[in-house]
Protein chains: 2
Amino acid sequence: MQQKGELISFRPDIKVVDCTIRDGGLVNNFYFDDEFVKDLYKTNAAAGVDYMEFGYKASKDLFDVNEFGKWKFCDEQDIRDIVGDNDTDMKISVMADVGRTDYKKDIIPKKDSVIDMIRIATYVNTIPAAVEMINYCADMGYETTINIMAVSTAQESELDLALDLLSKSKADVIYLVDSYGSLYPEQIRRYADKYIKVAEAAGKKVGIHAHNNQQLAFANTIEACAFGVSYLDATMSGMGRGAGNCYMELLLGFLRNPKYSLNPVLKFIENRILPLKKSGVVWGCDVQYMLTGQQNQHPRTAIAFTADKREDYFTFYQSVLDRE
Amino acid sequence: MQQKGELISFRPDIKVVDCTIRDGGLVNNFYFDDEFVKDLYKTNAAAGVDYMEFGYKASKDLFDVNEFGKWKFCDEQDIRDIVGDNDTDMKISVMADVGRTDYKKDIIPKKDSVIDMIRIATYVNTIPAAVEMINYCADMGYETTINIMAVSTAQESELDLALDLLSKSKADVIYLVDSYGSLYPEQIRRYADKYIKVAEAAGKKVGIHAHNNQQLAFANTIEACAFGVSYLDATMSGMGRGAGNCYMELLLGFLRNPKYSLNPVLKFIENRILPLKKSGVVWGCDVQYMLTGQQNQHPRTAIAFTADKREDYFTFYQSVLDRE
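Since we're looking at a predicted model, the values are computed, not measured.

Colleague: How do you make sense of the sheet that holds strand β3 (residues 91–97) of chain A when you look at a structure like this?
Modeller: Remark on secondary structure: sheet strands pair via backbone hydrogen bonds, oriented parallel or antiparallel. All names here are of chain A. The eight strands are arranged β1-β2-β3-β4-β5-β6-β7-β8 in a closed barrel whose pairing can be described as parallel. The sheet shows a mean angle of 25° between the axes of neighbouring strands, direction not considered. Two elements, strand β4 (residues 117–122) and strand β5 (residues 143–148), share six bridges in a ladder whose sense is parallel. Across the sheet, residue I120 finds its bridge partner in β5, namely I146.

Colleague: I keep staring at the sheet that holds strand β3 (residues 91–97) of chain B and nothing clicks. Help me out?
Modeller: Residues and elements named next belong to chain B. Strand order around the closed barrel formed by eight strands is β1-β2-β3-β4-β5-β6-β7-β8, with parallel pairing between neighbours. Neighbouring strand axes in the sheet, compared pairwise and without regard to direction, differ in orientation by 25° on average. Direction of pairing for strand β1 (residues 15–18) relative to strand β2 (residues 51–56): parallel, over a ladder of two bridges. Within the sheet, the bridge partner assigned to V17 lies in β2 and is Y51. Those strands touched by helix α2 (residues 34–47) are β1, β2 and β3, and its axis lies near 155° from that of β2. Packed on one face of the sheet, helix α8 (residues 217–226) meets β6 (173–178), β7 (205–210) and β8 (231–234) and runs near 170° to β7.

Colleague: Got a minute to help me understand the packing of aromatic side chains in this structure?
Modeller: One pair of aromatic rings is described through two measures. These are the centre distance and the angle between the planes. Residue and element names in this part refer to chain A. As enumerated under the stated definition, the model contains 26 aromatic pairs over all chains in all. Measuring from ring centre to ring centre gives 5.2 Å for F36 and F268, while their planes differ by 70°; the resulting arrangement is edge-to-face. Of the two residues, F36 sits in helix α2 (residues 34–47) while F268 sits in helix α10 (residues 263–278), which places them 232 residues apart along the sequence. F268 matches F36 in its accessibility class, with the two residues each being buried.

Colleague: In this structure, what is going on with the interface of chain A and chain B? I would like to understand it.
Modeller: Many descriptions give the size of an interface as the accessible area lost when the pieces come together. Contact with chain A, which involves 44 residues of that partner, is made by 44 residues of chain B. Note on chain A versus chain B: buried area summed over both sides is about 3,800 Å², and carbon and sulfur give 61% of it. For the salt bridge of A:R189 with B:E223, the shortest nitrogen-to-oxygen distance reads 2.8 Å. For the pair chain A and chain B, the interface holds 14 residue pairs in polar contact (both at pLDDT 80 or more). Within the residue set of the side of chain A that touches chain B, elements represented by two or more residues are α7 (185–201), α8 (217–226), α9 (248–254), α10, α11 (287–294) and α13 (313–322) of chain A. Ranked by residues supplied to the side of chain A that touches chain B, first place goes to α10(A) with seven residues. Of the residues assigned to the side of chain A that touches chain B, the class counts are 22 nonpolar, ten polar and twelve charged.

Colleague: Just to check I follow, could you spell out empty space enclosed by the protein for this structure?
Modeller: Where empty space is left can be seen by rolling a probe of water-molecule size over the atoms. Residues and elements named next belong to chain B. As enumerated under the stated definition, the model contains five cavities of 30 Å³ or more in all. Roughly 190 Å³ of internal volume is contained in the largest cavity. Each residue belonging to the lining of the largest cavity can be placed in one class, and the counts come to nine nonpolar, four polar and five charged. Size it by volume and the second largest cavity reaches roughly 160 Å³. The wall of the second largest cavity is formed by 16 residues, among which E6, L7, S9, C225 and F254 lie closest to the centre. For the lining of the second largest cavity, the element with the most residues is α8, which contributes three residues. Here the residues of the lining of the second largest cavity sort into eight nonpolar, three polar and five charged.

Colleague: Is there a simple way to explain helix α7 (residues 185–201) of chain B in this structure?
Modeller: An α-helical turn contains 3.6 residues, so a residue and the one three or four places further along point in the same direction. Between the first and last C-alpha of α7(B) there are 24 Å, a value that for 17 residues agrees with the 24 Å anticipated at 1.5 Å per step. The complete set of buried residues in α7(B) reads B:P185, B:E186, B:Q187, B:I188, B:R189, B:Y191, B:A192, B:Y195, B:I196 and B:A199.

Colleague: Quick question: what am I supposed to make of the relation of the copies chain A and chain B here?
Modeller: Copy one and copy two of the chain differ by a rotation about a common axis and a shift along it. The transformation that overlays chain A on chain B combines an axial shift of 0.0 Å with a rotation of 180°, and the residual RMSD is 0.0 Å. Here the symmetry operator amounts to a two-fold rotation axis. Of the interface residues in chain A, 100% have counterparts in chain B that sit at the interface too, so the contact is made through matching surfaces.

Colleague: Explanation requested: unusual backbone geometry in the structure shown.
Modeller: Of all residues except glycine, most have a negative phi; of all peptide bonds, most are trans. A positive phi angle, close to 70°, is found at A:F30, a residue other than glycine. The residue A:F30 is located in the loop between α1 (20–28) and α2 in this model.

Colleague: What is the right way to look at the domain arrangement of chain A in this model?
Modeller: All names here are of chain A. Taken as a whole, chain A is organised into domain 1 (15–278) and domain 2 (287–322). With centres defined by C-alpha atoms, the gap from domain 1 to domain 2 works out at 25 Å. Across the contact, eleven residues belong to domain 1 and ten residues belong to domain 2. Summing both partners gives a buried area of about 830 Å² for domain 1 against domain 2, and 56% of it is carried by carbon and sulfur. Together, Y180, N213 and R241 form the three largest contributors to the area buried by domain 1 at its contact with domain 2, with a combined 53%.

Colleague: What should I look at first to understand the UniProt feature "domain: Pyruvate carboxyltransferase" (unreviewed entry) in chain A in this one?
Modeller: The sites that UniProt annotates as "domain: Pyruvate carboxyltransferase" (unreviewed entry) are residues 14–270 of chain A. Regarding residues 14–270 of chain A, the helix share stands at 40% and the strand share at 18%, and the terminal C-alpha atoms are separated by 27 Å.

Colleague: Whenever I open this one, the nonpolar core confuses me. Can you help?
Modeller: Nonpolar side chains in soluble globular proteins generally cluster together in the buried interior. A:F54 and B:F54 are the most contacted members of the largest nonpolar core, which has 234 residues in total. Discounting residues that sit within four places of it in the chain, A:F54 has contacts with A:I21, A:R22, A:V37, A:Y41, A:W71, A:C74, A:I79, A:I82, A:V83, A:I92 and A:S93.

Colleague: Help me understand the environment of A:N245, please; the structure alone is not making it clear to me.
Modeller: Residues and elements named next belong to chain A. By secondary structure assignment, the location of N245 is in the loop between β8 (231–234) and α9. On the basis of relative accessible area, N245 is assigned to the buried category, the value being 2%. Considered as a pair, N245 and S179 are 66 residues apart in the sequence and their alpha carbons are 9.9 Å apart. Among residues more than four places away in sequence, those in contact with N245 are D23, H209, A210, H211, N212, A217, T235, G238, M239 and G240.

About the thresholds
- Residues numbered from 1 in each chain as written.
- Chains lettered and ligands numbered in written order.
- Predicted model: local features only at pLDDT ≥ 70, side-chain atom pairs only at ≥ 80, totals over all residues.
- Heavy atoms only, no water.
- Pairing = 2+ DSSP bridges.
- Helix = DSSP H or I, 4+ residues; strand = E, 2+ residues; numbered from the N terminus.
- Axes fitted to C-alpha atoms, helices over the stretch in contact; angles between N-to-C directions.
- Contact = heavy atoms within 4.5 Å.
- Phe/Tyr/Trp six-rings, centres within 6.5 Å; stacked < 30°, edge-to-face > 60°.
- Buried < 20%, exposed > 50% of the residue type's maximum accessible area, 1.4 Å probe, protein only.
- Buried area = accessible area lost by both parts, 1.4 Å probe.
- Salt bridge = Lys/Arg side-chain N within 4 Å of Asp/Glu carboxyl O.
- Polar contact = N/O pair within 3.5 Å; in protein donor to acceptor, adjacent residues only side chain to side chain.
- Nonpolar A, V, L, I, M, F, W, Y, C, P; charged D, E, K, R; others polar.
- 1 Å grid on protein atoms, 1.4 Å probe; cavity = no way out; pocket = protein on both sides within 12 Å on 5 of 7 lines; lining within 4 Å.
- Points joined across faces, edges and corners; volume = space filled by probe spheres on them.
- Expected span 1.5 Å × (residues − 1).
- Least-squares fit on C-alpha atoms with pLDDT ≥ 70 in both.
- Domains from an automatic or database assignment.
- UniProt positions renumbered as here; feature names shortened; annotations may be inferred.
- Core = buried A, V, L, I, M, F, W, Y, C linked by side-chain atoms within 4.5 Å.

Have a look at this one:
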């Protein structure tokens, strides 16, 4: 395994993707007020962030629009209300889950949309459906990524087959996703190596989306980066489901490309993230998320533990172990 | 650089060192009540921790005993009041700062002490004095370590000379210390490689003491471990100066040696750490510590920022940059 670039240099292939609204939306059911989203948009553009993800393109047949904020659905007009024609160097992305998006209805041709990139989220067992969506979106004119979730529970042989199928798709980027925050840096390096070999041979890039259950989201992101992964997901102060994500402020402080600036991000944290936290929106590292991460489990039990304001970590751990 | 051991195996050379009282004492001026310390001692022993560090052997001529809790001084009797004759498999350590310990007065012969190991903390420029202390303590019968602080600001050529001097000392372990929490995993691997080459040739071991300014204390600890570092410092819930340390619960959840158990640690967090935090004792990752870490600065300005309950990160950052 070869390291790409040194700490002191920078690689022009690196792209920073802000997922605050999309992954953070999982914490507050996508109820962000427009001022927050507008300020985030300006902040990201000023900070040199390459892509800002607005949310999901969820099916309105499957999800009740009265139960979620608008960024669960990302109507074209709602995005335009924030970004106009997006007269910045930053690109706009949305996420579409396999099986939860009416993509033939809701994905309009790129020439009519302010969206630049569609990220398709899938599990290993729904890769064929994902490939269909990828190719549809690519044919509509979008950049596309494929985000294979929960790889830490997938069989390696199945993952190899999935990567082979994806290498033949029209996806521009293949994402390594540590859904449970269970992977250690040495595992991330092995996965990154596997993904990069497949992607490079097919003329594609690799991305990483890490979770912070074991305080490793930032470490895993920069380790993947050092070994050739180029699309790096982060969120403001790590806002995201459960233990949250890689912190944008840590990532921008690490990257050496002079296009990136920490200053606007610090102002956003002061002005928007602190009030959000004080209003009672909760995310971030805590013992319960560490325990599900260590045991390679979905964080749903830890999220419930948090919602119940429980602090009996020992008892919770016994139940986590029982689920094995 | 060669990785030592795989994730799934375990290395019998690994030693876990709990520094909760010593590094955590920097947060509360060493005012822990005896019940806390007794419970920590029992917890560490039950969790399989190899060494428990009680605090400093500070000079009572230099420091006023009325301004600090007793673990700043670690009188023999105070330790014995907690551990008796220490009838456990766990060893006891204390730290002695070069220039701040009356070691010829306060370090008694090992045969009369319940202390097993003395860790000598030094900067690169006080290595000769450190070597004198190391050899004195070794001759008194103790295991010794040398902890070279703030290596991220030392010149590499001076560090090489320091390591050469230390290789000829009687120290059993040479510690890599990331005092400012500024080092990234790839740097830790380079330092670890350097330390290990010197130490192995001299029949010594290497340890790591990491700080969590950039959420990298755990990542850096396990990366160093993967590349051959064997003495691993951690504290309960990361309690320690400023951003704190590597979390014991993360480390024990990672290590595969069946002697280690997470269960007693989870109970300790519930019963002792949560109440301590609720009482207003503050440590852990926050933006201000990230900023001093990113800029490779001592956290003292960030500690003052925290004490003042400030949240103007942007303004603080400008002052951090000004100090360059």
